[in-house]
Amino acid sequence: PTNQVEVGLRFDSEETASLLLNVGINRLQFNGPKFDLTTRFSLNPSIEGHAAYAFHQNLQANIALRYRISDVNRIYGKSNHAFSFQCYDADVYLSNLLSCYYDLRLGARYEQFLVHSLLPDAFPTSSYCSSNTPYFTCYVSLCNDLLNASYFPTTGYAYGIEAAYTISSQKRSNGAFFTIQGYASSAFALGNTTTIQPSLYLRWM
């Protein structure tokens, strides 16, 4: 079916319980408009909307809007990390620029973090978290996923790399920075019930 409704429940030691809800309209359609809405109800709630238009040549134009709240004080307790923040994120990008097998993306992202410190002297004035700073990022990424399953693969490999340049509105020497990150993963089945999946993640700023 091209339309999907998904409900999930997650429990872990960081956010206790989370309720996940996703609604997708024309998500698995090859051409035309697509819409997705994902929400998470937990101690750190979030909501994300994604709209896309797929052309006949595999090219897809995308726009994604996200809003999330993260209470770091709940994770680390009473320490120098006692703060919370809200994040607004707008992402506009083109995907599937090469083919349906190699996902080449080119896009721009706008982010703004509204930081609320629970300790008056938690952050110095030179810290990134000292004010509500917007960030503008241009990026290009390439990934290829040949694993035979999303959650429990038994064979295949996947890899990806992304380069990004971020500009901050703050007037200082480190207001702009370059980031490159990548990952690689593979799966090897050991019989019918066991699989080894080595993975490598790297990031450099």
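This write-up is about the structure you can find in this document. (Residues numbered from 1 in each chain as written. Predicted model: local features only at pLDDT ≥ 70, side-chain atom pairs only at ≥ 80, totals over all residues. Heavy atoms only, no water.)

1. Re the overall build of the chain
The condition that has to hold: Every helix listed is a DSSP run of H or I at least four residues long, and every strand listed is a run of E at least two residues long, numbered separately from the N terminus. Only protein chains enter the calculation, and the probe is 1.4 Å; a residue is then buried if its accessible area is under 20% of its type maximum, exposed if over 50%, and partly exposed in between.
The helix and strand inventory of the chain stands at one helix and 13 strands. From first element to last, N terminus to C terminus, the chain shows the α and β order β-β-β-β-β-α-β-β-β-β-β-β-β-β. Among the 205 residues that make up the chain, the fraction classed as buried is 28%.

2. A look at the pairing of strand E13 (residues 199-204)
To keep things clear, this is the line we draw: In this analysis, strands are considered paired if DSSP registers two or more bridges between them.
By the criterion of burial, E13 is predominantly exposed, with just zero of the six residues buried. Note: strand E10 (residues 176-186) against E13, six bridges, orientation antiparallel. Residue pairing for E13: Gly 182 is matched across the bridge by Leu 202.

3. With respect to a nonpolar patch on the surface
Quick note on the threshold: Residues enter a patch when their relative accessible area is above 30% and they make no salt bridge; the linking distance is 9 Å between like charges and 5 Å between nonpolar side chains (Val, Leu, Ile, Met, Phe, Trp, Tyr). The protein chains shown are the only cover counted for residues, whose accessible areas, like all others here, come from Shrake-Rupley with a 1.4 Å probe. One speaks of a salt bridge when a side-chain nitrogen belonging to Lys or Arg is within 4 Å of a carboxyl oxygen belonging to Asp or Glu.
On the surface, Val 5, Val 7, Leu 9, Leu 19, Leu 21, Val 23, Ile 25, Phe 35, Leu 37, Phe 41 and Ile 47 cluster together into a nonpolar patch covering about 1000 Å² of accessible area. Where the nonpolar patch is concerned, the elements lending two or more residues are strand E1 (4-12), strand E2 (16-25) and strand E3 (32-41). If one sorts the elements of the nonpolar patch by residue count, E2 sits on top with four residues. Looking at where Leu 9 falls in the secondary structure, it is placed in strand E1. By relative accessible area, Leu 9 is classed as exposed at 72%.

4. A short note on unusual backbone geometry
Phi is positive for Asn 26, which is not a glycine, with a value near 60°. As for its position among the elements, Asn 26 is in the loop between E2 and E3. Look at Asn 96: it is not a glycine, yet its phi comes out positive at around 55°. Here Asn 96 lies in the loop between strand E6 (83-95) and strand E7 (103-117).

5. Focus: the packing of aromatic side chains
Going by this rule: Aromatic pairs are defined between Phe, Tyr and Trp rings, using the six-membered ring for Trp, whenever the two ring centres lie within 6.5 Å; interplanar angles under 30 degrees are classed as stacked, those over 60 as edge-to-face, and all others as tilted. Whether a charge lies above a ring is judged from NZ of Lys or CZ of Arg, which has to be within 6 Å of the ring centre and within 35 degrees of the ring normal.
Tallying each qualifying case throughout the model produces seven aromatic pairs. Judged by centre distance (5.8 Å) and plane angle (65°), the rings of Phe 85 and Phe 113 are edge-to-face. In this pair, Phe 85 is assigned in strand E6 and Phe 113 in strand E7, connecting sequence segments 28 residues apart. Here the aromatic rings of Tyr 183 and Tyr 201 are separated by 6.3 Å at their centres, their planes lie at 25°, and the arrangement is stacked. Of this pair, Tyr 183 sits in strand E10 while Tyr 201 sits in strand E13, and the two are 18 residues apart along the sequence. Owing to a relative accessible area of 32%, Tyr 183 belongs among the partly exposed residues under this scheme. Put simply, the rings of Phe 85, Phe 113 and Tyr 135 pair up and form one aromatic cluster. Stacked on the ring of Tyr 139, the Lys or Arg Arg 109 has its end atom at 4.5 Å from the ring centre.

These values are about where atoms sit, not about what they do.
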